[in-house]
Amino acid sequence: KRSSVNYRYSFETFIVGKSNELAHAASVAVSKKPGELYNPLFIHSGVGLGKTHLLHSIYQILSKNGLNPVYSTTEDFTNEYIASIREGKTDSFRDYYRTADAILLDDIQFIIGKEQTQEGFFHTFNAIHLAGKQIVISSDRSIYSLKAMEDRITSRLSGGLVVDIQPPEYETSLSILQSKISQSSIAFPDDAVQFMANHKYKSVRELEGCLNRVIAY
């Protein structure tokens, strides 16, 4: 199974604020100069804060520029790798990933405890990195919290730029709400939007869920 890209997740639809501006700026930079800056780029945050959105955005820019990026969730990468061993197709698996101009791998924490997959990832990472190709990794925790992962992998991942995304603060929450409301046909009083934005949200997903419930009512 190959992971698919959601084309609604673009840089144009990503709301930038204090909580995510470094991760956004780094993602834009690697999409413009893959392999030249911040390689690898490691983005970590809790769920629903925009990691996948940034990976899909990078993919789209690289594709538009005529390059051959590969996006995959780590779960799909693992399943492909195991299937390639079982079916004796490790060469085609290796060629698919190693001939890409960039690898965008989502949720690296999924390979914790999977020694065989870690071996495959390590060699794929090395081959791509040595070839000067861009690598972007996302995780739901920091590199130093990936304790069950091999040291040689965490060492490689920490060799580039490590950025995190924090839960949205008031200004970012307000911008996200205003953007979403502009796409709906419902008029919201300013004080109602400000009231919603002032709440502490763990994720952008939670914020959008709050707005959707209000719209439903």
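Conventions and cut-offs
- Residues numbered from 1 in each chain as written.
- Predicted model: local features only at pLDDT ≥ 70, side-chain atom pairs only at ≥ 80, totals over all residues.
- Heavy atoms only, no water.
- Helix = DSSP H or I, 4+ residues; strand = E, 2+ residues; numbered from the N terminus.
- Buried < 20%, exposed > 50% of the residue type's maximum accessible area, 1.4 Å probe, protein only.
- Pairing = 2+ DSSP bridges.
- Axes fitted to C-alpha atoms, helices over the stretch in contact; angles between N-to-C directions.
- Parallel < 35°, antiparallel > 145°, perpendicular 65-115°, else oblique.
- Left-handed = near helix turned anticlockwise from the far one by under 90°.
- Contact = heavy atoms within 4.5 Å.
- Nonpolar A, V, L, I, M, F, W, Y, C, P; charged D, E, K, R; others polar.

**With respect to unusual backbone geometry**
Move 1: Backbone torsion omega between Asn-39 and Pro-40 reads 5°, so that peptide bond is classified as cis.
Move 2: Of note, Pro-40 is situated in the loop between α1 (21-32) and β1 (41-44).
Move 3: For Tyr-38, which is not glycine, the phi dihedral falls at a positive 45°.
Move 4: As for its placement among the helices and strands, Tyr-38 is situated in the loop between α1 and β1.
Move 5: On the accessibility criterion, Tyr-38 (38% relative accessible area) is partly exposed.
Move 6: A positive phi angle, near 65°, is found at Asp-107, a position not held by glycine.
Move 7: Residue placement: Asp-107 occurs in the loop between β3 (102-106) and α5 (115-130).

**A word on the pairing of β1**
Move 1: Along β1, one buried face is formed by Leu-41 and Ile-43 and the opposite face, lined by Phe-42 and His-44, is buried too.
Move 2: Sheet topology note: the β1/strand β4 (residues 134-139) ladder contains 4 bridges and is parallel. Its bridge partner being in β4, His-44 is matched across the sheet by Ser-139.
Move 3: Where β1 and strand β5 (residues 161-164) come together, 4 bridges link them in parallel fashion. When the bridges of β5 are listed, Phe-42 appears paired with Val-162.

**Comments concerning the packing of α1 against helix α2 (residues 51-64)**
Think of two packed helices as two axes; the pair is described by the angle between the axes and how far apart they sit.
Move 1: The geometry of α1 relative to α2 is characterised by a closest axis approach of 9 Å and an angle of 20° between their N-to-C directions. Relative to α2, the element α1 is oriented roughly parallel. Considering only the axes of α1 and α2, their crossing is right-handed. Of the residues in α2, those touching α1 at Ala-23, His-24, Ser-27, Val-30 and Ser-31 are Leu-54, Ile-58, Ile-61 and Leu-62.
Move 2: Grouping the amino acids of the contact of α1 with α2 by side-chain chemistry returns 6 nonpolar, 3 polar and no charged.

Don't take any of this as a statement about function, it's just geometry.
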